[in-house]
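# Secondary and tertiary structure notes
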Amino acid sequence: MFDFSTPVDRHGTWCTQWDYIADRFGQDDLLPFTISDMDFATAPCILDAMQQRIGHGVFGYSRWQHEDFLSAIEHWYQQRFASTIDRQMVVYGPSVIYIVAQLLRQWTQPGSHIVTFTPAYDAFYKTVAGNDRQLIACPLSKTDNHWIMDVDLLESQLASPHCQLLLLCSPHNPTGKVWSKAELQQIAALCQRHQVKVISDEIHMDMLWGDSQHTPWSEVATCEWALITSASKSFNIPALTGAYGLISSPASRDAYLHQLKQCDGLSSPAVLSVLAHITAYRQGESWLDALREYLQANLHYVAERLNHAFPQLNWQPPQSTYLAWIDLRPLAIDDDELQQELINQQKVAIMPGTTYGDEGKGFLRLNVGCPRSKLESGVDKLIAGIQAMQTR
């Protein structure tokens, strides 16, 4: 029913991944597998809805606090996660990271400790540092293709008098770890014990593979918390802007909305984003399920090719996300030299693991959100680059 195989030319569309690749990699003639958006057109139902809205021709100020938007979110959580949410907790914002940053300033003081599991989404490092807070790394360890948290280390970090917040990524970017409900309950209990607030970034919540199941933080939360997410990753609409969240405390919600409206002047949301979210959550389920099948097959393709070329890797697809977090440590290849080979000789851009912190050393993050033909070319270049390194 849906075509994910026909390439869409994104050149000349002010596209970060394709048009501004030189900003990060120094060259503009590379095949990119970088920033976490996809090369697919969004769901036809969203395109149809936006075309109808554009046909109306009037784009005045808009609102998000209405039945259509709130009920669509309720519907999605019930359908996808069998979870009932409290619509009174819902807030809106221009992006997930905007809401995270606002709550970080609201709930913590300059110099305070913010704990997060590493390797971590690079915007976490930038947002914490940019707001004069200190990010405290709680490294995940890899055991038999599973990512494990160090509970004792986590508790010692949460117990610090300087710690005020846990910044959680669920599912986890870049490892693709899906937190079990038991793990989340354990984290929630520790945060309650030490009176640490929680912000859970759940933007990848719809991209789970196999038998993995996402548990919204709202299902396990004990102390003050916020769950922040968006349809932007799932339906490839980040350029429309727009995110939403659940904030548990009425006082914190009021403070956030005051900052959003009175201080930052963002009282009117992007109307096409609101419409896209409503349409995605009401009509986009079949498209998303087809997309998930395609992405999962792409991840298995990467595993098949890499493990055939380098059996010692035994790389397995992640539990979630369309981001292949590839562990190259068994090959003992220098990260910087590999990047130079990939950029200068293979003409491909793949995110180096160190982008996501010191724990990313020896890894690559390859975005498989693209037609298979592009992925085949990218994997060919990656394998050729690794083999060139091995023959030196």
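The structure under discussion appears in the preceding block.
Presented here is a report on the structure given in the accompanying data block. (Residues numbered from 1 in each chain as written. Predicted model: local features only at pLDDT ≥ 70, side-chain atom pairs only at ≥ 80, totals over all residues. Heavy atoms only, no water.)

## Re the packing of helix H4 (residues 67-81) against helix H11 (residues 271-283)
Their axes nearest at 9 Å, the elements H4 and H11 cross at an angle of 35°. In this structure, H4 meets H11 at a crossing whose hand is left-handed. Residues Asp68, Phe69, Ser71, Ala72, Ile73, His75 and Trp76 of H4 touch H11, and the partners they reach there are Val274, His277, Ile278, Ala280, Tyr281 and Arg282. Here the residues of the contact of H4 with H11 sort into eight nonpolar, three polar and two charged. (Axes fitted to C-alpha atoms, helices over the stretch in contact; angles between N-to-C directions. Helix = DSSP H or I, 4+ residues; strand = E, 2+ residues; numbered from the N terminus. Left-handed = near helix turned anticlockwise from the far one by under 90°. Contact = heavy atoms within 4.5 Å. Nonpolar A, V, L, I, M, F, W, Y, C, P; charged D, E, K, R; others polar.)

## A look at the sheet that holds strand S2 (residues 90-93)
Within the open sheet, the seven strands sit side by side as S2-S10-S9-S8-S7-S3-S4. Their pairing is mixed. Only two strands of the sheet have a single neighbouring strand rather than two, namely S2 and strand S4 (134-139). Taking the axes of each pair of neighbouring strands and ignoring which way they run, one obtains an average angle of 25° across the sheet. As paired strands, strand S7 (residues 163-169) and strand S8 (residues 197-201) are joined by five bridges and run parallel to one another. Directly across from Leu165, in S8, lies its bridge partner Lys197. (Pairing = 2+ DSSP bridges.)

## Structural notes on the layout of surface pockets
For the largest pocket, the calculated volume is near 1300 Å³. At the level of elements, helix H1 (16-19), helix H2 (22-25), helix H3 (44-56), helix H5 (96-107), helix H6 (122-130) and helix H9 (232-235) are the ones that each hand at least two residues to the lining of the largest pocket. Residues of the lining of the largest pocket, tallied by class, amount to 24 nonpolar, 14 polar and 11 charged. In this model, the second largest pocket occupies a volume close to 380 Å³. Lining the second largest pocket are 17 residues, and of these Arg80, Phe81, Ser212, Gln213 and His214 lie nearest its centre. The residue inventory of the lining of the second largest pocket, partitioned by class, reads six nonpolar, five polar and six charged. (1 Å grid on protein atoms, 1.4 Å probe; cavity = no way out; pocket = protein on both sides within 12 Å on 5 of 7 lines; lining within 4 Å. Points joined across faces, edges and corners; volume = space filled by probe spheres on them.)

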